[in-house]
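Residue strings, one per chain:
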Amino acid sequence: KFKAVDVLKDPEIRQGIKEFSNWPTIPQLYVKGEFVGGCDIIREMFEQGELAPFFKERGIASWYGEQFHGKYTANGEVFDLNQLTAAHRTLPLNSVARVTNTATGRSALVRITDRGPFIEGRILDLSLAAAKQLDVWRPGVAEVKLEVLQAPAAIAQGGRWCVQIGAFDDPK
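Residues numbered from 1 in each chain as written. Predicted model: local features only at pLDDT ≥ 70, side-chain atom pairs only at ≥ 80, totals over all residues. Heavy atoms only, no water.

With that settled, the discussion passes to the overall build of the protein chain. Looking only at helices and strands, the protein chain features 4 helices and 8 strands. Taken across its 172 residues, the protein chain has 40% of its residues classed as buried. Counted over contacts in the protein chain with a minimum sequence separation of 6, partners at least 24 positions apart contribute 71%. In the structure as shown, the protein chain presents an accessible area of about 10000 Å², 52% of it carried by carbon and sulfur atoms. (Helix = DSSP H or I, 4+ residues; strand = E, 2+ residues; numbered from the N terminus. Buried < 20%, exposed > 50% of the residue type's maximum accessible area, 1.4 Å probe, protein only. Contact = heavy atoms within 4.5 Å. Areas by Shrake-Rupley, 256 points an atom, 1.4 Å probe, with all protein chains shown as cover.)

Given below as structure tokens:
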């Protein structure tokens, strides 16, 4: 059971959101064990200047859709091309980022749910819904500005991984 909280009028909750940006805030935000909302609150606080992006990147974004619709993403969710999501190579999964098309100025708040893109020179793969909102859908690619607003882990380590090549019993 969730307690109704008007986060816009509660300065203590707003301060908590600003101080603890590493909380697993997506898709639902809990403060002191109470449900207070999701991406809409983060978007509104960012637009009002209360949350500043703590990581920025510029580059080329593309989009992916039907061939992956209904398949599992890197964070374990089923990909829905109608949700505002994206794939990034190293950002911690479930990070929330504002993506802006630098040519049109259109922006969208997306959640990083997958790994990619795997084409050299691109920084982000957008879902179809995000691509349409950003005017990337028809051209297929666009230059974007990426601003991370929330992340469940430190940027420097949250999206990094290593691969063990082998394990041996005999030290020789």
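Structurally, the position occupied by glycine 116 is in the loop between β6 (107-114) and β7 (122-126). Judged by relative accessible area, glycine 116 falls into the buried class, the value being 0%. The sequence separation of glycine 116 and histidine 88 amounts to 28 residues, and the corresponding C-alpha distance is 5.0 Å. Here glycine 116 is in contact with Ala87, His88, Arg89 and Ile123, once residues within four sequence places are set aside.

This brings us to the pattern of salt bridges. As enumerated under the stated definition, the model contains 3 salt bridges in all. A salt bridge links glutamate 143 to arginine 58; its shortest N-O distance comes to 3.8 Å. Placement of the pair is glutamate 143 in strand β8 (residues 141-150) and arginine 58 in strand β3 (residues 55-63), with a sequence separation of 85 residues. Residue glutamate 143 is classed as partly exposed on the basis of its relative accessible area of 41%. Judged by its relative accessible area of 52%, arginine 58 is exposed. For glutamate 77, the salt bridge identified is with arginine 111, shortest N-O distance 2.7 Å. Of this pair, glutamate 77 sits in the loop between β3 and β4 (85-87) while arginine 111 sits in strand β6, placing them 34 residues apart in sequence. (Salt bridge = Lys/Arg side-chain N within 4 Å of Asp/Glu carboxyl O.)

The subject of this paragraph is the pairing of strand β5 (residues 96-101). Most of β5 is tucked away, with 6 of its 6 residues classed as buried. Residues Val96, Arg98 and Thr100 line one face of β5 and the alternating positions Ala97, Val99 and Asn101 line the opposite face, and both faces are buried. Pairing analysis gives 5 bridges linking β5 to β6, with the strands arranged antiparallel. Across the sheet, valine 96 pairs through a bridge with arginine 111, a residue of β6. Connecting the antiparallel pair β5 and β6 is a turn made up of 5 residues, with glycine 105 showing a positive phi of about 80°. (Pairing = 2+ DSSP bridges.)

Right, let's get into the packing of aromatic side chains. As enumerated under the stated definition, the model contains 2 aromatic pairs in all. When the ring of tyrosine 64 is compared with that of phenylalanine 68, the centres are 5.4 Å apart and the planes differ by 70°; the resulting orientation is edge-to-face. Using a relative accessible area of 38% as the deciding quantity, one classes phenylalanine 68 as partly exposed. Between tyrosine 64 and phenylalanine 79, the ring centres sit 4.8 Å apart and the planes meet at 10°, which makes this aromatic pair stacked. Note that tyrosine 64 is positioned in the loop between β3 and β4 and phenylalanine 79 in the loop between β3 and β4, a separation of 15 residues in sequence. (Phe/Tyr/Trp six-rings, centres within 6.5 Å; stacked < 30°, edge-to-face > 60°.)

Cis rather than trans, the peptide bond between glycine 116 and proline 117 has omega equal to -5°. Although it is not a glycine, asparagine 94 sits at a positive phi angle of roughly 75°. Position of asparagine 94 among the secondary structure elements: in the loop between β4 and β5. Even without a glycine there, the phi angle at aspartate 135 is positive, about 60°.

So, about the sheet that holds β6. Reading around the barrel, the 6 strands line up as β3-β7-β4-β6-β5-β8 and close back on themselves, with mixed pairing between neighbours. Averaged over all pairs of adjacent strands, the angle between their axes in this sheet comes to 45°, without regard to strand direction. Direction of pairing for β4 relative to β7: antiparallel, over a ladder of 2 bridges. Each bridged residue has a counterpart across the sheet, and for alanine 86 the counterpart in β7 is leucine 126. (Axes fitted to C-alpha atoms, helices over the stretch in contact; angles between N-to-C directions.)

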